[in-house]
Amino acid sequence: MTAGLDEKLEPIYQDVLKRNPGEKEFHQAVHEVLETLGPVLVKYPEFAESKIIQRICEPERQIIFRVPWQDDDGNIHINRAFRVEFNSALGPYKGGMRFHPSVYLGIIKFLGFEQIFKNALTDLPIGGGKGGSDFDPKGRSDSEIMRFCQSLMTELYRNLGEYTDVPAGDIGVSTREIGYLFGQYKRITNRYESGVLTGKGLDWGGSRARTEATGYGTVFFAEEMLKARDESLDGKTVVVSGSGNVAIYAMQKAQQLGAKVVACSDSSGIIVDDEGIELDRVRRIKEVERRRLSVYADEKKSAKYVEDGNVWHVPCDVALPSATQNELNGKDAKKLIENGCIAVAEGANMPTTPEGIQIFQKAGIAYGPGKAANAGGVATSALEMQQNASRDSWTFKHTEERLREIMVNIHKNCYETADEFGSPGNYVVGANIAGFLRVAKAMEALGLV
Ligand code: NDP
């Protein structure tokens, strides 16, 4: 028997282990959801009968393909790319593309699986999918990135479409890469089909506030969790991991809401700045110059750079993990609590290990899992699709207001669902069950497909 699993769910999990050998991140993501679904099967026994959970755990379609490309010196490289179209009960498959050397099928499947429930939580008409490649964009020129994106899209395009599958960005994929991918899709299909990709540039069909959305949304979620405890971000000390898209805009919104952000990181090390992180500097170094974060401390006297440092050892009231999966373990969770941390909202997907989650929950701190706390990114992608479909373009203010409303509703839904299923204050239970119910009910309605 696996710890934490109901007797009806254990065989389902064992089957997932058997059918997907070696995909440990996928196993972890499935376990985290199954662990919370026991009470759902008591209330809705029909879901067991129609094998909804087994069906949700098996992707509708998995695409794996070769991406050959040439570097600037004429050398040939072969990468592997993936698109896992997990569940389309609620709408076209929707989820980002990740370019990182660690990518393999297990990572894409964990992300795609989480995406199903996250997208359901937004209450918007989007199914769940995810893709990516083991391509490493670090140190590559613009032309190399372009050739890689063009080669990838030359194969992937046949599986995409605004009503079929709509990718976006993730680690290593931002507006630049989406541009090259969209350009190649347009060229091959001879269609200006804006709604086929989200995260586009503002001049060519992108949505205002999409770049900011995941980070802003995570902070809105943190603010709601604090409000539920008669607290707010104003005057709080915040630590963020990462210094990419999610981290940068989480820092920006936290600062706008009156918090002081004292530390952030990249894959080489951390910076601590007791005067408060100067965001324009981070943005220039990471977004414009694409250099290492250590440059920040070379330039600014009040800052300290620690190579391979642990950002969770920096004392804070609120932690926002915004880099990658399993970046915050049990020891880190203990350290955060010892240092007085009262809330954790996940900008990244599955950044906290199962042990870390248990420690947060035992300590009774406000813990918002990624599938709820970072859903603002995909929600704003769905808003981008709405604007594309109506040939419209909304203002930043309007889009940010919609994003905020969506995050407030996600928080409310998770909070109330956790209460209803006997786990008050447990956002993991609330998010998993609320997301699952929406997908499961749609799947029942659509028949055995
Ligand atoms: P970026 O590529 O923009 O930034 C990633 C950041 O995390 C960088 O600072 C990077 O450091 C660091 N990082 C990445 N991998 C590792 C690693 N293995 N170890 C340590 N540090 C690492 O990605 P995003 O900001 O877009 O994504 C961050 C997280 O947020 C991911 O978990 C992603 O799935 C999740 N997410 C993103 C959404 C989006 O809209 N972009 C939506 C929802 C979730 P370095 O610069 O050194 O590589």
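All residue numbers refer to position in the chain's written sequence, counted from 1. Given that the model is predicted, a residue must reach a pLDDT of at least 70 before its local features are reported, and side-chain atom pairs must reach 80 or more before they are shown or counted; all residues, however, enter totals for whole chains, interfaces and linings. The side-chain numbers reported here are obtained from all heavy atoms of the structure, hydrogens and water having been left aside.

**With respect to empty space enclosed by the protein**
Line of reasoning, step 1. For each structure, a 1 Å grid was placed over the protein atoms alone; sets of points admitting a 1.4 Å probe that cannot get out are labelled cavities, open sets with protein on both sides within 12 Å along at least five of seven lines are labelled pockets, and lining residues have an atom within 4 Å of a point. Grid points are joined across faces, edges and corners, and a volume is the space filled by probe spheres set on the points. The final tally for this structure, using the stated rule, is one cavity of 30 Å³ or more.
Line of reasoning, step 2. Taken together, Glu32, Glu114, Glu346, Met350, Thr352, Ile357, Tyr367, Pro369, Gly370 and Lys371 make up the full set of residues lining the largest cavity.
Line of reasoning, step 3. Gly is put with the polar residues, along with every residue not named as nonpolar or charged; the nonpolar set is Ala, Val, Leu, Ile, Met, Phe, Trp, Tyr, Cys and Pro, and the charged set is Asp, Glu, Lys and Arg. Classifying every residue of the lining of the largest cavity by side-chain character gives four nonpolar, two polar and four charged.

**Section: helix α8 (residues 175-189)**
Line of reasoning, step 1. Over its 15 residues, α8 runs 21 Å from end to end, which matches the ideal 21 Å to within 8%, given 1.5 Å per residue.
Line of reasoning, step 2. All of the buried residues along α8 are Arg176, Glu177, Ile178, Leu181, Phe182, Gln184 and Tyr185.
Line of reasoning, step 3. The contact rule is simple, with two residues in contact once any of their heavy atoms fall within 4.5 Å. Going along the chain from the N terminus, every DSSP run of H or I of four or more residues is numbered as a helix, and every run of E of two or more is numbered as a strand. Lining the buried residues of α8 we find β3 (93-99), α7 (142-156) and β5 (165-168).
Line of reasoning, step 4. Among the residues trailing α8, Asn190 stands out with phi positive, at a value near 60 degrees. Given a helix with a known number of residues, its expected span is that number minus one, times 1.5 Å. A 1.4 Å probe rolled over the protein chains alone gives each residue an accessible area, and that area as a share of the maximum for its type sets the label: buried under 20%, exposed over 50%, partly exposed in between.

**Digging into the pattern of salt bridges**
Line of reasoning, step 1. Just to be clear on terms, a salt bridge is a Lys or Arg side-chain nitrogen sitting within 4 Å of an Asp or Glu carboxyl oxygen. As enumerated under the stated definition, the model contains 34 salt bridges in all.
Line of reasoning, step 2. Between Lys371 and Glu114 there is a salt bridge; the shortest N-O distance is 3.2 Å. Highlighted residues: Lys371 in helix α15 (residues 370-373) and Glu114 in helix α6 (residues 105-121), separated in sequence by 257 residues. Like Glu114, Lys371 is buried.
Line of reasoning, step 3. Among the ionic pairs, Glu289 bridges to Arg291, the shortest N-O distance being 2.9 Å.
Line of reasoning, step 4. What you see here is one network of salt bridges that share partners, running through Glu278, Arg281, Arg284, Glu289, Arg291 and Glu299.

**Here we look at the environment of Arg187**
Line of reasoning, step 1. Relative to the helices and strands, Arg187 resides in helix α8.
Line of reasoning, step 2. Note: C-alpha distance between Arg187 and Thr154 (33 residues apart in sequence) is 9.7 Å.

**As for the sheet that holds strand β9 (residues 303-307)**
Line of reasoning, step 1. Strands sit in the order β9-β8-β7-β6-β10-β11-β12 across an open sheet of seven strands; the sheet is mixed. The open sheet has two free edges, formed respectively by β9 and β12 (366-368), since each of these has just one partner strand. Pairs of neighbouring strands in the sheet enclose a mean axial angle of 15 degrees, with direction left out of account.
Line of reasoning, step 2. When DSSP finds two or more bridges between two strands, those strands count as paired. The sheet contact formed by strand β8 (residues 269-273) and β9 spans five bridges and is antiparallel. Directly across from Ile270, in β9, lies its bridge partner Val306. For helices, the fitted axis covers only the stretch in contact; all axes are lines through C-alpha atoms, and the angles between them, taken along N-to-C directions, range from 0 to 180 degrees.

**Some details on the domain arrangement of the chain**
Line of reasoning, step 1. Along its sequence, the chain is organised into domain 1 (10-57), domain 2 (61-193) and domain 3 (212-373).
Line of reasoning, step 2. For domain 1 and domain 2, the distance between their C-alpha centres works out to 26 Å.
Line of reasoning, step 3. Contacts between the two partners involve twelve residues from domain 1, matched on the other side by twelve residues from domain 2.
Line of reasoning, step 4. Approximately 1000 Å² of surface area, both sides summed, lies buried where domain 1 meets domain 2, with 68% of it carried by carbon and sulfur atoms.
Line of reasoning, step 5. Joining two parts hides part of their accessible area as seen by a 1.4 Å probe, and the buried area is that hidden amount summed over both. Looking at the side of domain 1 facing domain 2, the largest losses of area belong to Glu25, Phe26 and Ile56, adding up to 50% of the total buried there.
Line of reasoning, step 6. Of the charged contacts in the structure, one is a salt bridge between Lys109 and Glu23, with a shortest N-O distance of 2.7 Å.
Line of reasoning, step 7. By the criterion applied in these results, polar contacts are pairs of N or O atoms within 3.5 Å in which, for protein atoms, one can donate a hydrogen and the other can accept it, and in which residues neighboring in sequence qualify only through two side-chain atoms. Along the contact surface separating domain 1 from domain 2 lie five residue pairs in polar contact (both at pLDDT 80 or more).
Line of reasoning, step 8. Of all the secondary-structure elements, those providing two or more residues to the side of domain 1 that touches domain 2 are α2 (24-34) and α5 (52-57).
Line of reasoning, step 9. A per-element tally of the side of domain 1 that touches domain 2 places α2 first, with seven residues.
Line of reasoning, step 10. Among the residues making up the side of domain 1 that touches domain 2, the classes are represented as six nonpolar, two polar and four charged. Marked domain ranges trace back to an automatic or database domain assignment.

**Considerations on the nonpolar core**
Line of reasoning, step 1. Only buried residues count toward a nonpolar core. Its members are Ala, Val, Leu, Ile, Met, Phe, Trp, Tyr and Cys residues joined through side-chain atoms within 4.5 Å. Phe221, Val238, Met251, Ile277, Leu320 and Ile410 are the most contacted members of the largest nonpolar core, which has 56 residues in total.
Line of reasoning, step 2. No other element matches helix α9 (residues 210-227), which puts eight residues into this core.
Line of reasoning, step 3. Residue contributions to this core reach at least three from each of two domains, namely domain 2 (61-193) and domain 3 (212-373).
Line of reasoning, step 4. Residue contacts for Ile410: discarding those within four places in its chain leaves Leu121, Thr122, Phe221, Ala372 and Ala375.
Line of reasoning, step 5. The next biggest cluster of nonpolar side chains, apart from the first, holds 44 residues, and it includes Val16, Val429, Val439 and Met443.

**Regarding the site of the ligand**
Line of reasoning, step 1. In this text, near means that some heavy atom of the residue lies within 4 Å of the molecule or strand in question. Close to the ligand lie 25 residues; Asp170, Thr214, Ser267, Arg292 and Asn349 are nearest.
Line of reasoning, step 2. Gly172 places a main-chain nitrogen or oxygen 3.0 Å from an oxygen atom of the ligand.
Line of reasoning, step 3. Ala323 places a main-chain nitrogen or oxygen 3.4 Å from an oxygen atom of the ligand.
Line of reasoning, step 4. Computed by Shrake-Rupley with a 1.4 Å probe, the accessible areas treat only the displayed protein chains as cover when residues are assessed. Here the ligand, which alone exposes 890 Å², has 82% of that area covered by the protein.
Line of reasoning, step 5. Partitioning the shell around the ligand into residue classes produces four nonpolar, 14 polar and seven charged.
Line of reasoning, step 6. Each of two domains, domain 2 (61-193) and domain 3 (212-373), supplies a minimum of three residues to the shell around the ligand.

**Digging into the pairing of strand β7 (residues 260-265)**
Consecutive residues of a regular strand have side chains that alternate between opposite faces of the sheet.
Line of reasoning, step 1. Most of β7 sits inside the fold, with five of its six residues counted as buried.
Line of reasoning, step 2. Here strand β6 (residues 237-240) runs beside β7; their pairing, made up of three bridges, is parallel. What sits directly across from Val239, in β7, is Ala263.
Line of reasoning, step 3. When β7 meets β8, the two strands line up antiparallel, connected through three bridges. Paired with Ala263 across the strands is Val272, a residue of β8.

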